[in-house]
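Observations on the model geometry
Read off the chains here:
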Amino acid sequence: MKTQASTFTDDYDEPLITIQEDEEAHEDDLWFLRRLLEEEPDDLPPGPRAEPPDTAVVEVWAKAEGVHAARLARVAGRLGALDDWLLRGPEGWRHRLALIEAADLSWFAGDRVSSDRLALWISMRLSGAQDDLNALARVAWAVRRLTGGPGPKADLAAFLDRRDPENTGDSAERFEDRAGGWLDLMAAAKGLHPITRACMGYNLWSLAGLGRHGDQIEATVTASRVATSDGSGAIFAPLAMAGAGGLRVSGLPPERLARWLDGMNSAIIWPHTGCLVKGFHGMALGLRPDG
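Scope of this entry: the structure provided in the associated data block. The numbers attached to residues start from 1 for each chain and follow its sequence in the written order. Reporting of local features is limited, given that this is a predicted model, to residues whose pLDDT is at least 70; pairs of side-chain atoms are given and counted only at 80 or more, and all residues count toward the totals for whole chains, interfaces and linings. Hydrogens and waters are ignored; side-chain quantities use all the structure's heavy atoms.

Bringing the overall build of the protein into the picture now. Along the protein, the regular secondary structure elements total 13 helices and 0 strands. Sequence-ordered secondary structure for the protein, helices as α and strands as β, is α-α-α-α-α-α-α-α-α-α-α-α-α. Each residue's exposure class comes from its accessible area (1.4 Å probe, protein chains only) as a fraction of the maximum for that residue type: buried when under 20%, exposed when over 50%, partly exposed otherwise. In the protein, which comprises 291 residues, the proportion classed as buried is 38%. Contacts are assigned to residue pairs with any non-hydrogen atoms lying within 4.5 Å of each other. A separation threshold of at least 6 residues defines the contact pool for the protein, and within that pool the share at least 24 residues apart is 65%. Numbered from the N terminus, helices here are DSSP runs of H or I no shorter than four residues, and strands are runs of E no shorter than two.

So, about the nonpolar core. Membership of the largest hydrophobic core comes to 67 residues, with the highest contact counts inside it found for Leu-156, Ile-195, Met-200, Trp-260 and Met-264. Among the elements that make up this core, the one with the highest residue count is helix 7 (residues 133–147) (8 residues). Setting aside residues up to four positions removed in sequence, Ile-195 forms contacts with Leu-72, Val-75, Ala-76, Leu-79, Ala-227, Trp-260, Leu-261 and Met-264. Residues enter a nonpolar core if they are buried and are Ala, Val, Leu, Ile, Met, Phe, Trp, Tyr or Cys, with the set joined through side-chain atoms within 4.5 Å.

Our focus in this paragraph is the packing of aromatic side chains. Centre distance within 6.5 Å is the pairing criterion for rings of Phe, Tyr and Trp, where only the six-membered ring of Trp is used; planes under 30 degrees apart are then read as stacked, over 60 as edge-to-face, and the remainder as tilted. Tallied over the full model, the rule gives 3 aromatic pairs. Their ring planes at 75° and their centres at 6.0 Å tell us that Trp-141 and Phe-159 sit as a pair that is edge-to-face. Of the two residues, Trp-141 is situated in helix 7 and Phe-159 in helix 8 (residues 156–160); the sequence distance between them amounts to 18 residues. Of the two residues, Trp-141 and Phe-159, both sit in the buried class. Measuring from centroid to centroid gives 5.3 Å for Trp-182 and Trp-205, while their planes differ by 75°, and the two rings are edge-to-face. With Trp-182 in helix 9 (residues 175–188) and Trp-205 in the loop between helix 10 (194–203) and helix 11 (215–228), the pair connects residues that are 23 residues apart, well separated along the chain.

Here, axes are lines fitted to C-alpha atoms. For helices the fit covers the stretch in contact, and angles between N-to-C directions go from 0 to 180 degrees. Where helix 5 (residues 91–109) contacts helix 7, the two axes come as close as 9 Å, and the packing angle between them is 140°. Judged by the angle between their axes, helix 5 and helix 7 are oblique. The way helix 5 lies across helix 7 gives a crossing that is right-handed. Contacts between helix 5 and helix 7 pair Arg-94, His-95, Ala-98, Leu-99, Glu-101, Ala-102, Ala-103 and Ser-106 from the former with Val-139, Ala-142, Val-143, Leu-146 and Thr-147 from the latter. Roughly parallel here means an angle under 35 degrees, roughly antiparallel means over 145, roughly perpendicular means 65 to 115, and every remaining angle is called oblique. Left-handed describes a crossing whose near helix is turned anticlockwise from the far helix by less than a right angle; the clockwise case is right-handed.

As a further point, take the environment of Trp-61. On the secondary structure map, Trp-61 appears in helix 3 (residues 54–67). For Trp-61, a relative accessible area of 4% puts it in the buried group. Ignoring anything within four residues of it in the chain, the contact list for Trp-61 reads Leu-192, Thr-196, Cys-199, Met-200, Asn-203, Pro-253, Arg-256 and Leu-257.

Our next topic: the environment of Pro-152. Secondary-structure assignment places Pro-152 in the loop between helix 7 and helix 8. Remark: the alpha-carbon pair of Pro-152 and Val-221, spanning 69 residues in sequence, is separated by 9.7 Å. Ignoring sequence-local partners within four residues, the contact set of Pro-152 consists of Phe-159, Leu-183, Thr-222, Arg-225 and Val-226.

As for its placement among the helices and strands, Thr-222 is situated in helix 11. Setting aside residues up to four positions removed in sequence, Thr-222 forms contacts with Pro-152, Leu-156, Phe-159, Leu-160, Trp-182 and Trp-205.

Structurally, Arg-225 can be placed in helix 11. On a C-alpha basis, the gap between Arg-225 and Ala-237 in space is 6.7 Å, while along the polypeptide they are 12 residues apart. Setting aside its immediate chain neighbours within four residues, Arg-225 contacts Arg-145, Gly-148, Gly-149, Pro-150, Gly-151, Pro-152, Phe-159, Ile-235 and Phe-236. Whenever two N or O atoms come within 3.5 Å, that pair is a polar contact, provided that in protein one can donate a hydrogen and the other can accept it, and provided that, for residues adjacent in sequence, both atoms are side-chain atoms. A polar side-chain atom of Arg-225 sits 3.5 Å from the main-chain carbonyl oxygen of Gly-148.

Throughout this description, the term salt bridge denotes a Lys or Arg side-chain nitrogen within 4 Å of a carboxyl oxygen of Asp or Glu. Inspection of the entire model under this criterion finds 5 salt bridges. Here Asp-111 ties to Arg-138 by a salt bridge, and the two come within 2.9 Å at their closest N and O atoms. Residue Asp-111 is located in the loop between helix 5 and helix 6 (115–124), and its partner Arg-138 is located in helix 7; the two are separated by 27 residues in the primary sequence. Residue Arg-162 pairs with Glu-218 through a salt bridge whose shortest N-O separation is 2.9 Å. Of the two residues, Arg-162 is situated in the loop between helix 8 and helix 9 and Glu-218 in helix 11; the sequence distance between them amounts to 56 residues.

Given below as structure tokens:
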């Protein structure tokens, strides 16, 4: 019987091919697939961009404040003088100043309520057939917030008279959460001057999700209270008396802050305010405040 030759080789000089080396050899044979995967364009839609941290936003406005440091100091000095005049003057001056500011602000927001019509509505709830009661209510709210009461730092929702409905769903974003986010940003910017912080808060109002119909009045009144910080005479900074140029939201933060400072400076030295100052000096001379 013929024996079958063995298929195993007895050449011990050749190295054995292991399973790992065999897999690597197969992978080397697929070099063209790797090149195709590397050259394949990424056609996937971009995902949501990460929101910049609060520190980054504050740093941008801090740089803008440094650019306009001299102008900021001049406006802050005039606002401090107005605070002193109103602190030493009669209560009627502060109320009259708030009426003028709220009425001018209503024209900027499109409501167009005169200061005289506003005074009649606040004192006796008198309105004409052509008056918009919702507009009068919005501007009257502005007068109340400009003449006294707690500021927005303690409770922004209470300051705005806005609360979440009781039947708000779990998936719906609550207004108190958005207000809390805005307040957190204001707290992160505590190193900035109150006037700069007010400008930043005004420009980020809509981005924080706080806007609605009439939000220009709400945003401006809130910022005017933030700008005075702990003022006891002028508890708000005039912004709309000399026009709404400083309230325009466009451009980079240095441009917005420059317009904000120019608008506030013009509002402080506006003839209405000058009449109050003239009345103060007349009172010091023994004359009647309205003389």
